[in-house]
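# Survey of secondary and tertiary structure
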Amino acid sequence: MSEATRLEQGLASVERERFDLAAVVAGCVDGYRLAYRAAPSSRAAVRSAVASGSPDLAAQLLDKLVANAADFSREGAPIR
């Protein structure tokens, strides 16, 4: 629970900006391909997705999501 409280407090104080979420996701996916070489991956083509928020927090969220998917996937199964 303390992590959730810390996250909520951090979100309340973050300065929002407009950013291209598709570019953040594409950059993260490139890193995941290196970090999770054993798990095949696929890539969907997305041109642009403008969001308002923090690109750093969006990347952090993706990191947690992918790490969780990798932890609970069968060995050799693709992470999509």
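Residues numbered from 1 in each chain as written. Predicted model: local features only at pLDDT ≥ 70, side-chain atom pairs only at ≥ 80, totals over all residues. Heavy atoms only, no water.

### Quick look at the overall build of the protein chain
Scanning the protein chain for helices and strands turns up 3 helices and 2 strands. Along the chain direction, N to C, the helices and strands of the protein chain fall in the order α-β-α-β-α. Here the protein chain holds 80 residues, and 21% of them are scored as buried. Roughly 6,400 Å² of accessible area belongs to the protein chain as shown, and the carbon and sulfur atoms make up 55% of that amount. (Helix = DSSP H or I, 4+ residues; strand = E, 2+ residues; numbered from the N terminus. Buried < 20%, exposed > 50% of the residue type's maximum accessible area, 1.4 Å probe, protein only. Areas by Shrake-Rupley, 256 points an atom, 1.4 Å probe, with all protein chains shown as cover.)

### A word on the pattern of salt bridges
According to the stated counting rule, one finds 1 salt bridge in the structure shown. For the salt bridge of Arg33 with Asp30, the shortest nitrogen-to-oxygen distance reads 3.8 Å. One end of the pair is Arg33 and the other is Asp30, both in helix 2 (residues 21-35) and 3 residues apart, which spans about a single turn. With a relative accessible area of 40%, Asp30 lands in the partly exposed category. (Salt bridge = Lys/Arg side-chain N within 4 Å of Asp/Glu carboxyl O.)

### Concerning the pairing of strand 2 (residues 50-53)
The side-chain alternation of strand 2 yields one buried face, formed by Ala51 and Gly53, and one unburied face, formed by Val50 and Ser52. Here strand 1 (residues 17-20) pairs with strand 2 via 4 bridges, running antiparallel. Bridge pairing in strand 2 links Arg18 to Ser52. (Pairing = 2+ DSSP bridges.)

### Quick look at the environment of Pro55
Position of Pro55 relative to the elements: it lies in helix 3 (residues 55-72). Taking the C-alpha atoms as reference points, Pro55 and Phe19, separated by 36 residues in sequence, lie 6.7 Å from one another. Those residues within four positions of Pro55 in sequence are excluded, and the remaining contacts are Glu17, Phe19 and Val24. (Contact = heavy atoms within 4.5 Å.)

### Examining helix 2
With 15 residues, helix 2 extends 21 Å from end C-alpha to end C-alpha; this agrees with the ideal 21 Å at 1.5 Å per step. Every buried residue of helix 2 is accounted for by Ala22, Val24, Cys28 and Tyr32. In an axial view of helix 2, the angular spread of the buried residues amounts to 150°, which keeps them on one side of the axis. Against the buried residues of helix 2 lie strand 1 and helix 3. (Expected span 1.5 Å × (residues − 1). Arc of directions from axis to C-beta.)

### Side note on the side chain of Ser54
Here Ser54 is to be found in the loop between strand 2 and helix 3. For Ser54, a relative accessible area of 14% puts it in the buried group. For Ser54, the residues in contact, after removing those within four places along its chain, are Val14 and Phe19.

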